[in-house]
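Chains, contacts and geometry: an overview
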Amino acid sequence: MSKLELSFFDLGLNKNILKALSDLGYVKPFFIQEKCIPYLLNGHDVLGLAQTGSGKTAAFILPLLQNINPTLCFPQVLILAPTRELSMQLRDVCLNFSKYIQGVNVVSLHGGQSYNIQFRSLKKGPQIVVGTPGRLLDHLNRATLTLLKLHSVVIDEADEMLRMGFIEDVRSIIFKAPKNRQTALFSATFPKEIRSIARQFMNHPKEIYLDNEKISTTIKQDYWVVSGGFHKNDALVRFLEVEIFDAAIVFVRTKGATIEVSDMLEKNGYNSAALNGDMNQVMRQQTLERLKSGQLDILIATDVAARGLDVDRVTLVINYDAPVNFLSYIHRIGRTGRAGRIGRSLLFIRHSEYRLLRYIKKSVNLNISKVQIPSLLVLINSRLTKFSAQVEHVLANSTDLDKYRVLLYKIKPQNNFDMETLAAILLKMAQGGRSLVLSADQGQQHIESEFKNNSKIHHGRFSLTGPRGSNKECSSLSRRSTSRNRSMDLYRIDLGRDDGLSVRHIVGAIANECDISSRHIGHIRMFSSYSIVELSKGIPSSTLLHFSKVRVLNKTMNIKLLERVDKDICV
Ligand code: AMP
């Protein structure tokens, strides 16, 4: 909000629009709305640097809506959107804002919908046409849409159009609009291709740059460096366990990963689903509805699939895979903290991706703080706090506890133990698989079981040594150690099967290069990109230092202590 505290009325909007805004709960204009609305109302071209979440949609729809003549039934405003979801969303926003204006007709022309439906809508003479470039061009070529009397064109999310390869279609469409039209362009960044479009098609545009700090202050942003031998899946499970959130979006890079990570979370008891470009529109809408209604708590999404996603319940965004650039980061975190609400984002970043982190911090002038992975102690406390909250909730909402008290005495006489013991048993039963008591050893097993899940996810087979192992090399090693052993520590090696590594390479390198007898080497588990090895405790520090330099198959093994199995943490 600007220091002048302008209202929508001050911006020159008429009473029908003000009434609709008040119904929608829009009290004060956002920064971009304050700047854009007067210019667009007065017929200027506007070039806006704005991300989703900034309120840019209302910034262009409100003034252009006010300027149309609803008694004339032909396209007067054209809005270009990169995705069909955004196109439909923009149509709905136009309809919401125009609900008190008689005769306004809006259509969305997007792919994935039958032409017949769109032909019928176009015959009604919509004043506002929203659409994706491909479908709009189709209609223009078929002459089912004409732009001859258009007075305003909006290019929304222009850099996304560029990224998706639509920019030439955008040019072709604008060429078909009258020369004296008004043009508005919104983009989260201004690469040179977008600047060139602006130069080519805009008439002395008023440039509006968003006050980044204003958006970002409502989103608390942290990052965790992928290290310490923790796989991202372990970290995700731990962070989700301690974060307080309503709904969350976890961003990954590939479609396959949306499914893998979603499966992994389901196995860990979370209500999660994948959202990716392979889903048809119906499935996608259904998934989003489930998220909105609270039937689903976590979405695992790719950037493209989550574009324009606007769900108030999303209070947490986790960048499981780092975004490709700072723009993608801004879009991702913009899925939370909507409309000035508080949001939280967490970025998992590898050492090799540090440059990107520095660039994001610098480009958007954001404060992104480093956090550590939640320790076992933090996990335990979190579980206890959640359990206590559940107990309080049941206490506050139950009127029939007396009936249960009677039952307690019915259980007890048959067994010879006191009420405290009975409470402890019930507590343990209530927790199911998620124990409230974690020793460091159990914590290790917790990690291991997650590793096991990961390896299943990534390779369909877990190459555990010992009785369950199926790999010959592994079973020959199982004689050394057949179960998790408190005299061993776990180490991580930064190389795995995909590097061409096999168990004999690991044993050879550790035994020969580090001069460690093979009897000190326990279980070895191999995954696609890393391996876990058990080594006896008490390895001298000089050897540990040497570990970081050991090379195999011409690559550094980077052996690091994963977690020491020495002290119990109890509550
Ligand atoms: P946008 O950046 O246009 O996608 O808008 C982000 C969110 O802010 C949407 O959920 C809008 O409904 C909401 N919004 C936009 N402007 C205002 C406003 N002035 N007051 C309250 N909510 C708003």
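Residues numbered from 1 in each chain as written. Predicted model: local features only at pLDDT ≥ 70, side-chain atom pairs only at ≥ 80, totals over all residues. Heavy atoms only, no water.

So, on to the sheet that holds strand β9 (residues 247-251). With respect to topology, 7 strands assemble into an open sheet ordered β10-β11-β9-β12-β13-β8-β14, the strand pairing being parallel. Every interior strand has two partners, whereas the edge strands, β10 (272-275) and β14 (368-370), have only one. Sheet twist, expressed as the mean angle between neighbouring strand axes with direction ignored, is 20°. Bridge count between β10 and strand β11 (residues 298-301): 4 bridges; the pairing is parallel. By the bridge assignment, Ala274 is partnered in β11 with Ile300. The sheet contacts of helix α11 (residues 232-242) involve β8 (219-225), β9, β11, β12 (314-319) and β13 (343-349), and relative to β13 the element is tilted by about 160°. (Pairing = 2+ DSSP bridges. Helix = DSSP H or I, 4+ residues; strand = E, 2+ residues; numbered from the N terminus. Axes fitted to C-alpha atoms, helices over the stretch in contact; angles between N-to-C directions. Contact = heavy atoms within 4.5 Å.)

Another aspect to go through is a nonpolar patch on the surface. There is a patch of nonpolar side chains on the surface, built from Ile425, Leu426 and Met429 and spanning about 270 Å² of accessible area. Its location among the elements puts Met429 in helix α18 (residues 419-431). (Patch = residues over 30% accessible without salt bridge, like charges linked within 9 Å, V, L, I, M, F, W, Y side chains within 5 Å. Areas by Shrake-Rupley, 256 points an atom, 1.4 Å probe, with all protein chains shown as cover. Salt bridge = Lys/Arg side-chain N within 4 Å of Asp/Glu carboxyl O.)

Turning to the packing of α11 against helix α12 (residues 255-267), a few remarks are in order. Any two packed helices are characterised by the angle at which their axes cross and by the distance between the axes. Closest axis-to-axis distance for the α11/α12 pair is 11 Å, and the angle between their directions is 50°. Between α11 and α12, the angle falls in the class oblique. Helix-helix and strand crossings are classified by hand; for α11 and α12 the assignment is right-handed. Contacts between α11 and α12 involve Asn233, Leu236, Val237 and Leu240 from the former and Val261, Met264 and Leu265 from the latter. Across the contact of α11 with α12, the residue classes tally to 6 nonpolar, 1 polar and no charged. (Parallel < 35°, antiparallel > 145°, perpendicular 65-115°, else oblique. Left-handed = near helix turned anticlockwise from the far one by under 90°. Nonpolar A, V, L, I, M, F, W, Y, C, P; charged D, E, K, R; others polar.)

With that settled, consider the site of the ligand. Lining the immediate surroundings of the ligand are 15 residues, of which Tyr26, Gln33, Gly53, Gly55 and Thr57 lie closest. For the ligand, an oxygen atom lies 2.5 Å from a polar atom in the side chain of Thr57. Between the ligand and the protein, one listed contact pairs an oxygen atom with a side-chain N or O atom of Asp310 at 3.0 Å. Its free accessible area being 490 Å², the ligand has 86% of it covered by the protein chains. Partitioning the shell around the ligand into residue classes produces 5 nonpolar, 6 polar and 4 charged. Both domains that furnish three or more residues to the shell around the ligand are identified here as domain 1 (3-210) and domain 2 (215-374). (Near = heavy atom within 4 Å. Polar contact = N/O pair within 3.5 Å; in protein donor to acceptor, adjacent residues only side chain to side chain. Domains from an automatic or database assignment.)

These figures capture arrangement, not role.
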